[in-house]
Structures are given as C-alpha cells and as structure tokens.
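# Structural overview for review
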Amino acid sequence: MKLALFDCDGTLVDSAGLIHEVMARTFEDFGLVRVTLDATKSIIGLTLDIAIARLMHQPHVDDRAQAMTAHYKKIYGGIRAEMNFREPLFPGIASLMSALSTRDELLLGAVTGKSRRGLDQICASHGYEKTFFVSRTADDCPSKPHPAMVTECCSEAGIDPKDTVVIGDAIYDMQMAKSAGASAIGVAWGYASVPELIEAGADYIARSPHDILDWMETHHA
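Residues numbered from 1 in each chain as written. Predicted model: local features only at pLDDT ≥ 70, side-chain atom pairs only at ≥ 80, totals over all residues. Heavy atoms only, no water.

Now for the packing of aromatic side chains. Here the distance between the centres and the angle between the planes together describe a pair of aromatic rings. Applying the stated criterion to the full structure yields two aromatic pairs. Both rings, one in Y128 and one in F132, keep their centres 6.4 Å apart while their planes meet at 75°; by these two values the pair is edge-to-face. Overall, the relative accessible area of 10% leaves Y128 in the buried class. Judged by its relative accessible area of 15%, F132 is buried. (Phe/Tyr/Trp six-rings, centres within 6.5 Å; stacked < 30°, edge-to-face > 60°. Buried < 20%, exposed > 50% of the residue type's maximum accessible area, 1.4 Å probe, protein only.)

Attention now moves to the domain arrangement of the protein chain. According to the domain assignment, the protein chain consists of domain 1 (2-14 + 88-219) and domain 2 (15-83). If you average the C-alpha positions of domain 1 and of domain 2, the two centres end up 23 Å apart. Across the contact, 15 residues belong to domain 1 and 14 residues belong to domain 2. Here domain 1 and domain 2 share an interface that buries about 1,300 Å² over both sides, 48% of which is from carbon and sulfur atoms. Interface area lost by domain 1 to domain 2 is led by S143, Y172 and Y191, which between them contribute 44%. Across the domain 1-domain 2 interface, the total number found is eight residue pairs in polar contact (both at pLDDT 80 or more). Here the residues of the side of domain 1 that touches domain 2 are counted per class, giving six nonpolar, five polar and four charged. (Domains from an automatic or database assignment. Contact = heavy atoms within 4.5 Å. Buried area = accessible area lost by both parts, 1.4 Å probe. Polar contact = N/O pair within 3.5 Å; in protein donor to acceptor, adjacent residues only side chain to side chain. Nonpolar A, V, L, I, M, F, W, Y, C, P; charged D, E, K, R; others polar.)

What follows is about the environment of C154. Within the secondary structure layout, C154 lies in helix α7 (residues 148-157). Note: C-alpha distance between C154 and S143 (eleven residues apart in sequence) is 17 Å. Look past the residues within four positions of C154 in its chain and what remains in contact with it is L3, I159, D160, P161 and T164. (Helix = DSSP H or I, 4+ residues; strand = E, 2+ residues; numbered from the N terminus.)

With respect to topology, six strands assemble into an open sheet ordered β3-β2-β1-β4-β5-β6, the strand pairing being parallel. Whereas interior strands pair on both sides, the edge strands pair on one side only; in this sheet they are β3 (134-136) and β6 (204-206). On average, adjacent strands in this sheet sit at an angle of 25° to one another, irrespective of strand direction. Docked against the sheet, α7 engages β1 (2-6), β2 (106-111), β3 and β4 (164-168), running at close to 155° with respect to β3. Sheet contacts for helix α8 (residues 171-180): β2, β4 and β5 (183-187); angle to β5, the most-contacted strand, approximately 170°. (Pairing = 2+ DSSP bridges. Axes fitted to C-alpha atoms, helices over the stretch in contact; angles between N-to-C directions.)

As structure tokens, this is what we get:
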C-alpha cells in the first residue's frame, strides 16, 4: 500500500483570494496596513497564528497575533458568504482525484494548515467528504514544516513514510515531507515558485495535475 498526502490551499483549491481578503481586513481592523497579495501567498500553508506573526515580522506569536487570529476566524465565514466564495478546484484536480480514488493500492490523505472546520468546508464544497482516508489540520498538529502531520497520517494508515508522497505548493510542504522521510512533489500552479520548491527539497515538479499520475505510474504506485 502507498499513501498520497495532499496539501489543500494552493494545491487542490485556489483559495488565495479569500484568504487574502480576510487577512487584509484583519490587519485593517487592528489599525495596521493592509498586507499585499504576495505577502499573503507567502504564508499560505502555515498555521494561522504563526502566519500572522510572520506577516508582522515577529519571530513568535504574541498576544496581538493571538487576538488577530481569533478575529480572522470570527470574520472568515461572513466574508466567505459575502463574496459568495467557494474556493474553486484548480483545473485538472477533479479528474486527478477521481483517477487516484479508484486505485486499490493507494490511500489518499490531506495535510493542511487550515482548521478542521475549514478542511470540512472544502470537502463539502467539492464532494470529497469520503475521499481522504486520513487527514491532519492545524487543530491536530504543530504547523508545517514540522513533520507531525505526515508521521501521524502514516501511523494511522499503517504505511511507512518511505511509501508516502506529500503533494503541495509551498516550501513548508516540501520541508515537512523531507523531515518525515517521505517523497515530495511540488506543484507549479500554486503560490510558491518552482525554484523555491526545488530548493526546499522537491523530488519532482508537477506542471499539471496529470504529471502527478505519471509520477505515480513510474515511482510510487
């Protein structure tokens, strides 16, 4: 058996627009300058409190970052509804997931910096409630690039990290995979650049979702 662990934001769904709007309004509501879209994209994948601290150029989460984290969570649902925003799947993801879901020798999982509620919303939006055999979120584990999300999914699935691949768009995904002893596929359609993904340890760069299927055929499953 093999295990494929997918990041969510920037890998499966294009959620940068929504995340950025909520983040920018959070900063404004605390009397701070709106963050730029590029700045927001750079922290997608991290657990929210750590992401906010980093955007404020702080090494640690302090009381203000915790208050901003609570505020972000409070206004998120309203902005999501107000923008009528349902994070779209990237082109080709739907066919990739249906192809992988039919493989008896492959289990699928999700490893995300989103909350459990956030992951559940994405799965409900796209009919993936039963797609992921295992999953870990910001509510369950330390923030990426800590390896716990991967190692806990491996343990729950009964699959060794060397038989596991992490698929993500962020340098944190690549670093997390490598520190857990798993393979790492970087996707070129997300929020980090290809050179950044390679430098962070990507074993392979997928230029399209179909490339992931090709890699699975030759390397993994």
